[in-house]
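Observations on the model geometry
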Amino acid sequence: MKKQTSIARFFWTYLKAYKTQLIIIIVAIIASTYLQVKTPQYIGKSMEELATFAGTSLMLGADKADKAPLIEVVKLLLMLYSMNWIAMFIQNILMAGVTGKSTNKMRISLFKKIERMTIKFFDSHQDGEILSRFTSDLDNISNTMNQALIQVLTNISMMIGVLIMMFRENAQMSWATLALSPFAILVAILIIRQARKHVNVQQDSIGELNAYVDERISGQKVIITNGLEEETIAGFDSLNQQVKKATFKGQVYSGLLFPTMQGLALFNTAIVIFFGSWLVLDGSMDRAAGLGLIVMFVQYSQQFYMPLTQISSQFSMLQLAFTGARRLNEIFAEEDEVERDNVVEIEGLKEGIELADVDFSYVAGKPILKNINIKAEKGQMVALVGPTGSGKTTIMNLLNRFYNVDGGMIKIDGTDIRDISLPSLRSHIGIVLQESVLFGGTIAENITFGKRDASEEEMISAAKQANIHDFIMSLEDGYETIVSDENNIFSVGQKQLISIARTIITNPDLLILDEATSNVDTVTESRIQKAMENIIAGRTSFVIAHRLKTILNADYIVVLHQGEVIEEGTHEELLEREGFYAELYHNQFVFE
Ligand SMILES: Nc1ncnc2c1ncn2[C@@H]1O[C@H](COP(=O)(O)OP(=O)(O)OP(=O)(O)O)[C@@H](O)[C@H]1O
């Protein structure tokens, strides 16, 4: 029940701005139902007038017979048709507008929500899975609103209209017509429940399938080089089977509704005939009048069950939209980045940054960092080294508040970073990740990403400090060269140099650098090294060091092992200790 209310609330959130349009749509639906119910009467009347006219024509001749009543009724009929057309036109045009605008709002809110989400959310959801909420879920909602909603409302209004007409004619026969409706509703609810279960599974499986396809497309090179094409297809097949099964079951249950309701409608017609005949035979009704009543109620019975049957047939579409709403709601229910009350803004880094007794785990009960104490004075460079999985990147994640510490605290100039506003904190931190990301657009746009109002001189100076200016100038379009998936002309090293330029231009007080380790030739490596020296100079920095040269430049080295600091000091001090670091160093290891 809670789910249903939250789905209703979801739709109301996006539809309430269009109350006026919705009221006009409902009025137009009621009007067109009334007109449709009324039309048969006028058709009958026109037949009657036609017969009268034909009769008098034969007797008096066509010139003398009075055409006026026939023309009058035909005119009325035409008017009814035109009014019905106008009412339907209004419904459809307004509904198209409401659907377009409200789903557009949903799309915008969804994207805004995703932009506010924590890194934890992205770490725990696959890209394709998130993307399918934008594609299939939003499409389902939009299609249903456009195609099924008016029909469902028309059918409901039709049922109400038929009910009123039936009870005005004869209450006893009306109850007989409704005899099976509680049962029909119960059966419908049972089938709908099953269908909903499978449609939910279907949409979730489609999300999983999208995630799989997305992941495999980005990893296509690894798949080809390892000859994993067949295995990848097999993986796809198994997920696709899951989608197929759930879709089939969902369709079977949704499809079951229509024939079941139709069967019940026919059965109910038999009840009406039986009950009417009983009234006549019982003598409580005149035979001729009784016969007329039976014929009338057989029609009413069909008119009453027809909309019920049609609503059922539109049900699978409605179900997809409800499931879409549920899946969008899941995203909206996710936690945003949480800020403490009374957070402060900082001007910059004045004294230094300190990790004091920091504990952290991604998953409760599995500690990743244990009692970490690291201090970087303003202007110092701290290098983090240690084997893979030792917690280096996790420390970077905490410094930037991608995650919050579980125990202890991280302080900037003595202030807990949780008491500093996130935009303020992050505006003073520059980060260069190991895997550099370039966005679609020009190189210039990529470099000025963090400072849109940067001048051309600032941009070129940043590119020069990052050692990438000459390469950019060697390209035909220079800084205007388009970066895109199709125009993937940059090497890993070049991408990292562009990201370094992007960070330099923001002139951050605190730098977080993750050195690129692989796929870099020695020339690019020394260019990256030089660029890193340029960016580090005069700044406070945390560097995940993979190269010996970087370590030599560090003011302070922290050696991590299984989430703990096992050694710390300068390069010379650590060598003298002849411990873990010295061993790594002597082995000339590239730490990863
Ligand atoms: N999002 C996450 N959820 C759960 N566990 C995670 C997550 N990210 C990392 N871990 C785990 O935390 C531990 C530390 O990972 P981290 O990335 O900090 O190591 P690292 O020292 O940077 O390694 P590398 O040098 O390979 O990048 C690892 O055991 C890893 O499996």
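Residues numbered from 1 in each chain as written. Predicted model: local features only at pLDDT ≥ 70, side-chain atom pairs only at ≥ 80, totals over all residues.

In the annotation of an unreviewed UniProt entry, the entry for the protein reads ABC transporter ATP-binding protein/permease, and the organism field reads Vagococcus intermedius.

Some thoughts on the overall build of the protein
From N to C terminus, the protein includes 22 helices and twelve strands. Scaling as 2.2 N^0.38, a compact globule of 592 residues should have a C-alpha radius of gyration of about 25 Å, whereas the protein reaches 36 Å, well beyond that. Along the three orthogonal principal directions, the C-alpha set of the protein runs to about 125 × 55 × 55 Å. For the protein, with 592 residues in total, the buried portion stands at 30%. (Helix = DSSP H or I, 4+ residues; strand = E, 2+ residues; numbered from the N terminus. Rg over C-alpha atoms; globule rule 2.2 N^0.38 Å. Buried ≥ 20, exposed ≤ 12 C-beta atoms within 10 Å, placed from the backbone.)

Some thoughts on the sheet that holds strand E1 (residues 352-360)
Judged by pairing direction, the sheet is antiparallel, and its four strands sit side by side in the order E2-E1-E4-E5 without closing on themselves. Unpaired on one side and paired on the other, strand E2 (369-377) and strand E5 (415-416) mark the two borders of the sheet. Two strands pair when backbone bridges link them, and E1 and strand E4 (residues 407-412) are joined in this way by five bridges, in the antiparallel orientation. Residue pairing across strands places Glu354 opposite Lys411, the latter belonging to E4. (Pairing = 2+ DSSP bridges.)

Section: the site of the ligand
For the ligand, the set of nearby residues contains 13 residues, the closest of which are Tyr362, Thr388, Lys392, Thr393 and Thr394. When residues of the shell around the ligand are assigned to their parent elements, the largest contribution, three residues, is made by helix H13 (residues 392-399). Across the shell around the ligand, the residue classes break down as three nonpolar, seven polar and three charged. (Near = placed C-beta within 6 Å. Nonpolar A, V, L, I, M, F, W, Y, C, P; charged D, E, K, R; others polar.)

Regarding the nonpolar core
Counting residues in each nonpolar core, the largest one holds 63 residues, and the members touching the most others are Val382, Ala383, Leu384, Ala466, Ala501 and Ile557. When residues no more than four places from it in sequence are discounted, the contact partners of Ile557 are Ala383, Val385, Ile551, Glu568, Gly569, Thr570, His571, Leu574 and Tyr581. Counting residues in each nonpolar core, the second largest holds 45 residues, with Leu153, Tyr305, Ile311 and Ala321 among its members. (Core = buried A, V, L, I, M, F, W, Y, C linked by C-beta atoms within 7 Å. Contact = placed C-beta atoms within 7 Å.)

Quick look at the packing of helix H5 (residues 127-147) against helix H12 (residues 315-332)
Two numbers describe how H5 lies on H12: the axes approach to 8 Å, and their chain directions differ by 135 degrees. In this view, H5 runs oblique relative to H12, as classed from their interaxial angle. By crossing handedness, the relation of H5 to H12 is classed as left-handed. Each of Arg133, Asp137, Leu138, Asn140, Ile141, Thr144 and Gln147 in H5 lies in contact with H12, whose residues at this interface are Met317, Leu318, Leu320, Ala321, Gly324, Ala325, Arg327, Leu328 and Ile331. When its residues are assigned to classes, the contact of H5 with H12 shows nine nonpolar, four polar and three charged. (Axes fitted to C-alpha atoms, helices over the stretch in contact; angles between N-to-C directions. Parallel < 35°, antiparallel > 145°, perpendicular 65-115°, else oblique. Left-handed = near helix turned anticlockwise from the far one by under 90°.)

Points about helix H7 (residues 171-178)
All buried positions along H7 are accounted for by Met173, Ser174, Ala176 and Thr177. Taken around the axis of H7, the buried residues stretch over an arc of 160 degrees, which confines them to a single face. Along H7, the residues that are exposed and aim more than 90 degrees away from the buried face are Ala171 and Trp175. (Arc of directions from axis to C-beta.)

Structural notes on the domain arrangement of the protein
Reports of interface size often rely on the accessible area that becomes lost once the parts have come together. Taken domain by domain, the protein comprises domain 1 (1-116), domain 2 (119-335) and domain 3 (352-586). Spacing between the C-alpha centres of domain 1 and domain 3 amounts to 64 Å. (Domains from an automatic or database assignment.)

A short note on the pairing of strand E6 (residues 429-432)
Of the two faces of E6, the one lined by Ile429 and Ile431 and the one lined by Gly430 and Val432 are each fully buried. Relative to strand E9 (residues 510-514), E6 runs parallel, the two sharing four bridges. Pairing of Ile431 across the sheet is with Ile512, part of E9.

Here's the deal with the environment of Ile331
Structurally, Ile331 is set in helix H12. As a C-alpha pair, Ile331 and Asn373 span 42 residues in sequence and 36 Å in three-dimensional space. Discounting residues that sit within four places of it in the chain, Ile331 has contacts with Leu110, Lys113 and Arg133.

Things to note about the sheet that holds strand E10 (residues 540-544)
What links the strands of a sheet is backbone hydrogen bonding, and the strands pair in either a parallel or an antiparallel sense. If you walk across this open sheet you meet the six strands as E6-E9-E10-E3-E11-E12, and the pairing is mixed. Of all the strands in the sheet, just E6 and strand E12 (564-569) have a single pairing partner and so form its edges. Sheet twist, expressed as the mean angle between neighbouring strand axes with direction ignored, is 15 degrees. This element, H13, spans strand E3 (381-385), E9, E10 and strand E11 (556-561) of the sheet and lies at about 150 degrees to E10.

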